[in-house]
Structure formats: structure tokens, C-alpha cells
Amino acid sequence: MITLAGTVWGSPRTSHLYAIFKGQYVYFGETSHVPPVRWKSHLTSKNDFLGKLYEFDIEEASSPSPIFFIGIHIPCADLEPEPRQKIARRAIEAELHKRFELNPNCMAPARQVLSSAPPSPVKHTFSFNKKEIADYVYKMIAEEYQSWLSSHAK
Amino acid sequence: MIEIKQDIAIHAARLCQAIARIGYEPQTALLDIVDNAVTASANDISISIYLTPGKTLKNRNSVKCYQVIDNGCGMTDNEIVDAFALGANGNYRPHSLSKYGMGLKSAGLSLGSRISIVSKKNGVLSKKHIFDIALVEQENKFFIVSSELTPDQREKYVSLLLGSSGTIVEIDGCEKINHQSPSTTVRKLEEEMGVIYEKFLTDLSNRVKIKIRVCAGDDAAFKEITPLDILFLNKHKVWDPETYDFSSPYLLLDEQWEPDLADGKTISPIRLTVVAFPQDTLAKPQSPLAVVDKEKVKQYEVSRRNSGFFIYRNERLIRWGDSLGILSKDEFNIRIRMDLSEDHDDVLHVDVTKQRFEIDDELLGRLKRILDEPRTIAKLIMKKCYELLHMPSGHEGEKFTDLSANVAEDDPEEMARGTPPEEVLERQHAQAIEADQAKAATTSTEDQGGMAKLGEPAFAKIRYTSHVDYQSVWTPYRDAKEGVFVCVNTTHPFYIEFLKELADNSPARVLLETLIFAAAVAEINTIGNLHTIEVETIKTVFNRFHRNYGTYLANFTSENINLLQE
């Protein structure tokens, strides 16, 4: 049966956060482009998502269970001066990792994060509240993922 | 197969000895008895420590009797007998401080060999009930001795229980237990009870009063325990790296942690609150802080002992300043509050004494990651405090200006030539006009508009300012008289993350400024003197250069955040 395998859209060279789920594992990251540009290496490079999963849990990595990708555009990071955009994305990414450690339950069945949280840039201030943005992004990811899980289970 | 049930003997004496050695220190044993009073809804609790005649606070084993009196709901005779039972009936109210119903016996027997209880409930005074380990050992049986009060005893207990309800717990036979000197016990109780019961001592709806005294043959006055929030949450500020004030506690985390237990199980959230304090040395006379700020810092009593995890169970502190194997001994300006409830007892293996618990490795790992950022900020605060104490000048660029006073800025290609060509002079004139604008934007009002006088600051060769193109780390200028000066961009991530953190007169900072300045001299001389190439072409090249330079340093910065904290 022919089924939709997901759609992706976005403006090139804009700030995004993303999450990748497979089984019990999740990976969070950031990019300055539309996420699929980054996702390719996550499926091919031994240093990224699938590579890390092979090291951690070869059974899950080899299993045919689906991989779920989600990207979130964060315009607040684009509004920062260009030299600060990457740091801004990293700040939100660090908060996203913290959200997961504080409350992993809404990402169930994912319990284990494969990505390493970047160090939080504590000396820098931004035009946005990184905690509020991360909270919002985290909820969006959780809702989309749970919604997909429910429809996929059918 | 035939199965038969066989009763197992209980060796009462041995069991009592084991209960007495569960692991209380005298102050924690007394606190367990105070917990019972709080559980009984008491709001007035008195602790009296009676010394043996001829002994002082400094002598070991010098306590004759411990007495705890409360005005709680009291107990009937039957209820007192039940209270002596090993293991409670488990019907505690939610958020009770009690757990297994062992506190009275285990705490009491760790303090002395005899526990006596007299109680009053709804105006009715009970008998005196005594649990005496010597009698238990004699008969190898658990029992208490209950006797009617003598007239003297009645008079005494009536005077101690003035309300309609309350309980008196007395523990004597203390000389038979090997204990630290009571001065340590009293000091710890006085220092710690205000923190341990802070919530109860400040609860407006039911404020608890706790008093303590030591009697050496006298009827000493009580000292009331004052509450203390060890995190000083009512005085905190929210972290902003640009406005750190060196004297306030900073709230770094206030979150609900919902640990994942696997198999779909959940427990109620654990509130995590993290506050970082300034270094205690900022309270010392040599600190540059104002007197009022020094007093503020002093009250926090920042020290290794008063740092780490402060673990509360049902709002009562059970662990003081624990590192949990996460914090290092150098992290003594951080305090982390964990608020547990009885829901967490099993998951965290809270023991009978309610003093100890264990977090498994997986949960510990999560906790560690949650605390990454607050710990980094706390370390940054320590570093800022250290630099404030050791930073002699506070004027960025001043040291470099001083060191470069006699260093020439000549273009080596031009040194052998005579008068520069007209094109070069025109370019230098244009540079001087640009320089005037930059000077006006970066010179303080105190310096503007006057000739240099003795004692006035020298012409600043390195200027830290936000009046720089945001993509550039620095922009060079040539003043018609003073020569090259350079404006360093204070909004660039490289400055914020690294340069700013180096003390302004440190060798590392001066050397970095030298590298920047040397590049600035090279750029100015090239633009000004390379007249064989169109000036706009040269400027285009350098603009491209600065763009690459600034982008590379921004990327390096984002990949190496907190490098200087490592």
C-alpha cells in the first residue's frame, strides 16, 4: 500500500532545531539550514545518529523499526546578529536536552538521548528567552511525535 | 508435601541493641522525636538537655536526661502503648514526617536506656509509661511499665503540659551510651534546626515554635530557634551575565524533575532549585565591595559545609550539604534544594532514620546533566569573584597602551622612502577623519575636549566598544597625531566568551591585544601606503578578510563554549 512517508519544507539557510527518534532513542540537534541537509549525515556518518546508535544498541540500529524526524524553525535565532546565530541555536539546544532530562516521559518510548548536550553559553544574552523557546519547541516535538506514534500504531 | 508454620523467636534484648545502633547521632535522634511532635500537630516544642551534676557541656557522656515537650494532639494510655510498638500502624497523614514508626524507639534508645512518656489528651493526663532496656534484657521480652502518677509527678507534669493536649518524652540512662560532648549536639541543633524546620517555623497558617536549653542544675532560659532559608530565595536575583552584582544569591534553576522509572511507571515530580552565591572572601575587609554588600555576603555563610545538595522530605531537611558524588569539593558556592515526598521513599531508598537515601546511577546521570548549566554558572561566579578581588585596574586596554608607548608603527616598506606621495597623504587624511568619528564615539566625557595633562590617561590604543561593525572582531583607525588605535567589538561572541574573561592586565590579555593591534597596524599601513592599488580594492579585500576572521572566531567560540572554565 502506498503511504505518505513525511513531507519537509523550509527556507534555506535559516535556523532550525530537530529531533530524530528510533525505538528508545532520541537525538537532538541544531542546524543553520533546512534540517534534511543535516539529516543525511545522521543516516550515513558513524559520528552522528545512526553511527552512535550502532555503538550503543546494534540491535535497534539494525532493526527495521521506523525512524522519525522532526524539524522546528526557530526565527528568534535568525534575528540575532550573524556571528551569534550559532551560539543562539546552541543555547536553545542545550535547554532542549535539559528539558528531556527533566521530563522524558512525554517523549516515551524514547528514554535515552544519544546526542551530547552542548555546553550552555552562560556568558551570553539573547533577544529571546531561551527557556521559553526550548519549552515550546519541546512540547511541539513531543506532540508531533506522539501523534505520529498513535497514527502509526494503527 | 506437608508444610508447617513455625514461630521464630524474637530475642528482645538483642533486637533492642540493634535498634539502638541504627545510626543516629544525638542531634538527629532528638530531631526524630521533634518530627513526631510535628506529626502530632504541635506548634510549640521544647527541648531540654539536663547535664549530670558536676559535668559540663564539654564532657563526654555528661547528659543525665533529654526531655522533649510538645503541645500536640497528645495520646491516651492505649495510644502510648501503641506508640511503643515496634513498627507503626502505617496510618500516617500524607506528607507526614514519620515513616516506619520506629523513630521513638530507635532514636530514644540511641540516646539512653530508658524512654518515658506522659501525655495529655483533651485535658486527661495519662499514666507514666516507661520502656526500660535493662528490664527488657532481664526478661528478654518486649514490655513497658505503666504506673499511675504520684502526686509529685502529677504536679510536675501538669505544670509542663499547660494546654489541653501535649506529650512529654524523657530519655534517661544516657550515661550508659557513649556519646560526643553535648556541646557539639547543642551547637548542631542550634545551627541547623532553623534550616531543617524552616518551612514549619515560617508557615503562617500554623507556625511552629521550637526552643532549646541546657540545664546544669538550673532552670535555664530557652533559646528560640529562628528560621533560615539556606537558599535565601527571598533575596535572589535571576542570572544575567551582564549585571552580576557580586553580593546577591542568583537563582540558576527552578524546575520540576519527573524522573523516568521505565516500564511506564512514574512518580510525583521532584522540585529542583539551585542558587549560587558570591565567594565568602568578598565579605572580608580587603574586598572592594561596599560595607552593606559585605554584610549581605557574610550572612550567607558560604563555605564547603554549607554547599551541595540540601534534601528535603515533606518540607523537612534530611540531608545537609551532600555532594551526591556529583559535586566537587571546589564547588562551594552552590546550593541545590531537592524536595522529596514520601512518594519517593522507595525509589530513592530512604532509610529508617530518614537521614540517608540512595539514587541509582541512571537517575544520578540525569540529575548531573540537568545541573550542567547551573554548575557552569556557579563556577563562572566564583571566577568573577576571584577576579574582582585580584583585578587591579578595571580598565581594559590600559596595560597594552602603556606597554606599546615606545613601539613604532612604521610600515617597513616605507621606512627608506622620503615624503610620501600625494595619494598616500590623501588616504591618511581620510583615515584621520574616520578616526575622529571613532574617537568621539569611544572616548569618555571626562577625556573629551582637552589637551593631555599630567596625570590624565594616555591616548587609548585599544578601545573596547560596541560601536564596531557587528561582523568584525576589531576595526583599526589612524589618528592624525597619535597613530593607530583599534576598536574591539564587545558584542562579538569571541570577546564575550574569552577576551572579557581574561583579567585586563594579565599577560594573556595583553598578548592577545598585541596580536590584534599588530594586525590593525598592518591593515592601516597597507590601506594608507599601498598607493599602487586602488584604495577601494584594498578596502574590499580587508572587508572580506574581517568577515572571514569574525565568522571563524564566532564559530570557534560556539564550538568551545566554557573553554576557560575547564
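Residues numbered from 1 in each chain as written. Chains lettered and ligands numbered in written order. Predicted model: local features only at pLDDT ≥ 70, side-chain atom pairs only at ≥ 80, totals over all residues. Heavy atoms only, no water.

A closer look at the overall build of chain B
Consideration 1: The secondary structure content of chain B amounts to 16 helices and 18 strands.
Consideration 2: Relative to the 2.2 N^0.38 estimate, which gives 24 Å for 566 residues, the radius of gyration of chain B is 36 Å and therefore markedly larger than a compact globule would have.
Consideration 3: The principal-axis extents of the C-alpha atoms in chain B amount to approximately 120 × 70 × 40 Å.
Consideration 4: Relative to its 566 residues, chain B shows a buried fraction of 48%.
Consideration 5: Once local pairs closer than 6 in sequence are excluded, the contacts in chain B between residues at least 24 apart make up 69%.
Consideration 6: By element, 52% of the accessible surface of chain B is carried by carbon and sulfur atoms, the whole surface being about 28,400 Å². (Helix = DSSP H or I, 4+ residues; strand = E, 2+ residues; numbered from the N terminus. Rg over C-alpha atoms; globule rule 2.2 N^0.38 Å. Buried < 20%, exposed > 50% of the residue type's maximum accessible area, 1.4 Å probe, protein only. Contact = heavy atoms within 4.5 Å. Areas by Shrake-Rupley, 256 points an atom, 1.4 Å probe, with all protein chains shown as cover.)

Concerning the interface of chain B and chain A
Consideration 1: The partner chain A presents 26 residues to the 40 residues of chain B that form the contact.
Consideration 2: Summing the contributions of chain B and of chain A, the shared interface buries around 3,000 Å²; its carbon and sulfur component is 53%.
Consideration 3: Summed over the shared surface of chain B and chain A, the number is 11 salt bridges.
Consideration 4: For the salt bridge of Glu373 of chain B with Lys98 of chain A, the shortest nitrogen-to-oxygen distance reads 3.0 Å.
Consideration 5: If you look at where chain B meets chain A, you find 21 residue pairs in polar contact (both at pLDDT 80 or more).
Consideration 6: Elements that contribute at least two residues to the side of chain B that touches chain A include exactly β11 (250–257), α10 (361–370), α11 (372–390), α14 (493–497) and α16 (535–559) of chain B.
Consideration 7: The dominant element in the side of chain B that touches chain A, judged by the number of residues it contributes, is α16 of chain B, at 6 residues.
Consideration 8: For the side of chain B that touches chain A, the residue count by class is 16 nonpolar, 11 polar and 13 charged. (Buried area = accessible area lost by both parts, 1.4 Å probe. Salt bridge = Lys/Arg side-chain N within 4 Å of Asp/Glu carboxyl O. Polar contact = N/O pair within 3.5 Å; in protein donor to acceptor, adjacent residues only side chain to side chain. Nonpolar A, V, L, I, M, F, W, Y, C, P; charged D, E, K, R; others polar.)

Digging into the pairing of strand β13 (residues 308–313) of chain B
Residues and elements named next belong to chain B.
Consideration 1: When you tally the buried positions in β13, you get 6 out of 6 residues, the bulk of the element.
Consideration 2: Looking at chain direction, β13 and strand β15 (residues 334–340) are connected through 6 bridges and run parallel. Each residue of the ladder has a partner; that of Tyr312, found in β15, is Asp339.
Consideration 3: Where β13 lies against strand β14 (residues 316–322), 4 bridges are found, and the strand directions are antiparallel. Counted as the bridge partner of Ile311 is Arg319 from β14.
Consideration 4: From the end of β13 to the start of β14, which pair antiparallel, there are 2 residues, and Asn314 there has a positive phi angle of about 50°. (Pairing = 2+ DSSP bridges.)

Notes on the packing of aromatic side chains
Consideration 1: Evaluated as defined, the whole model comprises 30 aromatic pairs over all chains.
Consideration 2: Arranged with centres 3.7 Å apart and planes meeting at 15°, the rings of Phe21 of chain A and Tyr145 of chain A form a pair that is stacked. Separated by 124 residues along the polypeptide, Phe21 of chain A in strand β1 (residues 16–22) and Tyr145 of chain A in helix α6 (residues 130–153) bring together distant segments of the chain. Considered together, Phe21 of chain A and Tyr145 of chain A belong to a single accessibility category, that of buried residues.
Consideration 3: Note on Phe498 of chain B and Phe556 of chain B: the rings are 6.1 Å apart at their centroids and 55° apart in plane angle, and the pair reads as tilted. Pair noted here: Phe498 of chain B is in the loop between α14 and α15 (507–529) and Phe556 of chain B is in helix α16, with a separation of 58 residues, a long-range link.
Consideration 4: Its relative accessible area of 6% is what places Phe498 of chain B among the buried residues. (Phe/Tyr/Trp six-rings, centres within 6.5 Å; stacked < 30°, edge-to-face > 60°.)

Here's the deal with the confidence of the model for chain B
Residues shown with low pLDDT carry predicted positions that ought not to be read at fine detail.
Residue and element names in this part refer to chain B.
Consideration 1: Scored by pLDDT, chain B comes out at a mean of 88, with 92% of its residues at no less than 70.
Consideration 2: Highest mean pLDDT in chain B belongs to strand β12 (residues 270–276) (97); lowest belongs to helix α1 (residues 12–20) (80).
Consideration 3: Confidence over residues 445–455 falls short of pLDDT 50; this stretch has 4 contacts with residues more than four positions distant or in other chains.
Consideration 4: For this predicted complex, the interface score ipTM comes out at 0.86, while the overall pTM is 0.79. (pLDDT = per-residue confidence, 0-100.)

Some details on unusual backbone geometry
Negative phi is the rule for most residues except glycine; trans is the rule for most peptide bonds.
Consideration 1: Here the amide bond leading from Ala108 of chain A into Pro109 of chain A is cis, since omega sits at 10°, within 30 degrees of zero.
Consideration 2: Within the element layout of this structure, Pro109 of chain A appears in the loop between α5 (82–102) and β4 (112–113).
Consideration 3: A positive phi angle is found at Phe246 of chain B, which is not glycine, with a value near 65°.
Consideration 4: With respect to the helices, strands and loops of the structure, Phe246 of chain B is situated in the loop between β10 (237–238) and β11.
Consideration 5: Looking at Phe246 of chain B, the relative accessible area reads 17%, which means it is buried.
Consideration 6: Unusually for a residue other than glycine, Glu301 of chain B sits at a positive phi of about 50°.

Considerations on the packing of α1 of chain B against helix α4 (residues 103–111) of chain B
Residue and element names in this part refer to chain B.
Consideration 1: Where α1 contacts α4, the axes come no closer than 7 Å and their chain directions differ by 85°. The angle between α1 and α4 places the two elements in the roughly perpendicular class. Residues Cys16, Ile19 and Ala20 of α1 lie in contact with α4, whose contacting residues are Lys105, Ser106, Leu109 and Ser110.
Consideration 2: Residues of the contact of α1 with α4, tallied by class, amount to 4 nonpolar, 2 polar and 1 charged. (Axes fitted to C-alpha atoms, helices over the stretch in contact; angles between N-to-C directions. Parallel < 35°, antiparallel > 145°, perpendicular 65-115°, else oblique.)

Overview of a nonpolar patch on the surface
All names here are of chain B.
Consideration 1: Taken together, the side chains of Ile10, Leu15 and Leu86 present a nonpolar region at the surface, about 250 Å² in accessible area.
Consideration 2: Summarising the element assignment, Leu86 is placed in the loop between α3 (77–83) and α4.
Consideration 3: Residue Leu86 is classed as partly exposed on the basis of its relative accessible area of 34%. (Patch = residues over 30% accessible without salt bridge, like charges linked within 9 Å, V, L, I, M, F, W, Y side chains within 5 Å.)

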